[in-house]
Amino acid sequence: MTGRDHPFAPVGGVPSGTAHASERVVSIVQRIVEPVLASLGLVLVEVEARGQGPKTLIRVVIERPPDQEDGAISVEDCGRAHLLIGHTLDVEDPIPHAFVLEVSSPGLDRPIRHVHEFERFRGRLARFKLANPVSGQAVLIGRIQKLDGSQVWVESVAKEKRSGNATLVALPLTDILEARLEVEF
């Protein structure tokens, strides 16, 4: 099947690589990939599509289910997932041209992208980039304590080191530009 005949080919002048086309590809790939990962006992974290034509990169980020946190994603897990996802995408053919497939884990310093993840990572150290500085800090590092409605309560590490006392800070979700787990050894 050629790209022009493909049912997911852009219609009416929407060039491939635009945000609209990219969002559509991400949605289709997510739908295809989730059952493949479930068969391996893994879950989808994110799908990202970048670029145009044969230089399109499809990045699939995977992890173990939250109730199996003790087992990290291995290189072998990524390899098995890559092989099965690649074959499934070849069969389903949702992208009308060649692409590069990348499968990885979210990493030790994974981003926190969804509100429910603040509860999931309660007690973990995280770095928050804020739209409105708290106590003069646009970047705050602290331990996630709880999610309370529209704010995340964090025990600020920077304050703890300076004063010797832990300081509990409420961060409105709307002020958090980026949240990412910190690596602890």
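Positions within a chain are numbered from 1, following the residues in the order the chain's sequence is written. In keeping with the predicted nature of the model, local features appear solely for residues at pLDDT of at least 70, side-chain atom pairs appear and are counted solely at 80 or more, and the whole-chain, interface and lining totals rest on all residues. Note that the side-chain values use all heavy atoms of the structure and ignore hydrogens as well as water.

Where do I start with the sheet that holds strand 3 (residues 99–104) in this structure?
The pairing of strands in a sheet comes from backbone hydrogen bonds and takes either a parallel or an antiparallel form. Two strands qualify as a pair provided DSSP detects at least 2 bridges between them. Helix and strand assignments come from DSSP, with helices taken as H or I runs of at least 4 residues and strands as E runs of at least 2, each series counted from the N terminus. Across the sheet, 3 strands lie side by side as 1-2-3; this open sheet has mixed pairing. Sheet topology places strand 1 (43–50) and strand 3 at the edges, where each strand pairs with a single neighbour. Recorded for the sheet is a direction-independent mean angle of 15° between the axes of neighbouring strands. Where strand 2 (residues 56–63) lies against strand 3, 6 bridges are found, and the strand directions are parallel. Residue pairing in the sheet places Leu 57 in a bridge with Val 100 of strand 3. Between the N-to-C directions of two axes lies an angle of 0 to 180 degrees, each axis being a line fitted to C-alpha atoms and, for a helix, fitted only over the stretch in contact.

Help me out: how do you make sense of the nonpolar core in this one?
Among soluble globular proteins, nonpolar side chains are generally buried collectively. Nonpolar cores were defined as sets of buried Ala, Val, Leu, Ile, Met, Phe, Trp, Tyr and Cys residues, with membership established by side-chain atoms within 4.5 Å. Partly exposed describes any residue whose relative accessible area lies between the buried limit of under 20% and the exposed limit of over 50%, with all areas from a 1.4 Å probe on protein chains only and scaled to the type maximum. Formed by 23 residues in total, the largest nonpolar core has its most connected members in Val 29, Leu 37, Ile 58, Val 60, Ile 62, Ile 85 and Val 103. Elements with a contribution of two residues or more to this core: helix 1 (19–39), strand 1, strand 2, helix 2 (75–92) and strand 3. Looking at this core, the element that brings in the most residues is helix 1, giving 8 residues. Contacts are residue-level and defined by heavy atoms, with any inter-residue pair within 4.5 Å sufficient. Excluding its chain neighbours within four sequence positions, the residues that come into contact with Val 29 are Val 47, Ile 58, Leu 89 and Ile 95.

What am I meant to see in the pairing of strand 6 (residues 151–156) here?
The side chains of a regular strand alternate between both faces of the sheet. Here strand 6 shows a clear split, with Val 152, Val 154 and Ser 156 buried on one side and none of Gln 151, Trp 153 and Glu 155 buried on the other. Of the pairings in the sheet, the one linking strand 5 (residues 137–148) to strand 6 comprises 6 bridges and is antiparallel in character. Residue pairing in the sheet places Arg 143 in a bridge with Glu 155 of strand 6. Where strand 5 hands over to strand 6, the hairpin turn is made up of 2 residues, of which Gly 149 adopts a positive phi near 65°.

I would appreciate a short explanation of the packing of aromatic side chains in the present structure.
The way to describe two aromatic rings as a pair is by their centre distance and the angle between their planes. Stacked, edge-to-face and tilted labels apply to pairs of Phe, Tyr and Trp rings (six-membered ring for Trp) whose centres lie within 6.5 Å, assigned for plane angles under 30 degrees, over 60, and everything in between, in that order. This structure, assessed with the given rule, holds 1 aromatic pair. Geometrically, the ring pair formed by Phe 118 and Phe 128 is stacked, given 6.3 Å between the ring centres and 20° between the ring planes. Linking Phe 118 in helix 3 (residues 116–120) with Phe 128 in strand 4 (residues 125–134), this pair joins segments that are 10 residues apart in sequence. There is no split in this pair, since Phe 118 and Phe 128 are both buried.

Please explain unusual backbone geometry as it appears in this structure.
Trans peptide bonds make up most of the peptide bonds, and negative phi angles are found at most residues other than glycine. Backbone geometry places Asp 93, a non-glycine residue, at a positive phi of 55°. Within the secondary structure, Asp 93 is located in the loop between helix 2 and strand 3. The class of Asp 93 is partly exposed, set by a relative accessible area of 28%. Positioned with a positive phi, Ser 135 is a non-glycine residue whose angle comes to about 50°. Checked against the element boundaries, Ser 135 lands in the loop between strand 4 and strand 5.

How do you make sense of the environment of Thr 167 when you look at a structure like this?
Tracing the chain through its elements places Thr 167 in strand 7 (residues 167–172). Thr 167 sits in the partly exposed class, given a relative accessible area of 27%. Taking C-alpha positions, Thr 167 is 5.5 Å from Ser 156, a pair spaced 11 residues apart along the chain.

What is the right way to read the sheet that holds strand 6 from this model?
Judged by pairing direction, the sheet is antiparallel, and its 5 strands sit side by side in the order 7-6-5-4-8 without closing on themselves. The sheet terminates laterally at strand 7 and strand 8 (176–181), the two strands that pair on one side only. Along the sheet, successive strands turn relative to each other by an average axial angle of 45°, direction set aside.

Which parts of the structure should I look at to understand a nonpolar patch on the surface?
Taken together, Leu 108, Val 183 and Phe 185 make up a surface patch of nonpolar side chains, about 420 Å² in accessible area. Here Phe 185 is to be found in the segment after strand 8. For Phe 185, a relative accessible area of 96% corresponds to the exposed category. Here the term patch refers to residues with relative accessible area over 30% and no salt bridge, with like charges joined within 9 Å and nonpolar side chains (Val, Leu, Ile, Met, Phe, Trp, Tyr) within 5 Å. To measure how exposed things are, a 1.4 Å probe is used in the Shrake-Rupley method; for residues, cover is taken only from the protein chains shown. Within this document, salt bridges are pairs made up of a side-chain nitrogen of Lys or Arg and a carboxyl oxygen of Asp or Glu, the two lying within 4 Å of each other.

Explanation requested: the environment of Val 103 in the structure shown.
Counting through the fold element by element, Val 103 comes out in strand 3. Under the relative-accessibility criterion, Val 103 is labelled buried at 12%. Sequence separation of Val 103 and Val 61 is 42 residues, and the distance between their C-alpha atoms is 5.8 Å. In this structure, Val 103 is in contact with Val 60, Ile 62, Cys 78, Ala 81, His 82 and Ile 85, ignoring residues within four places of it in sequence.

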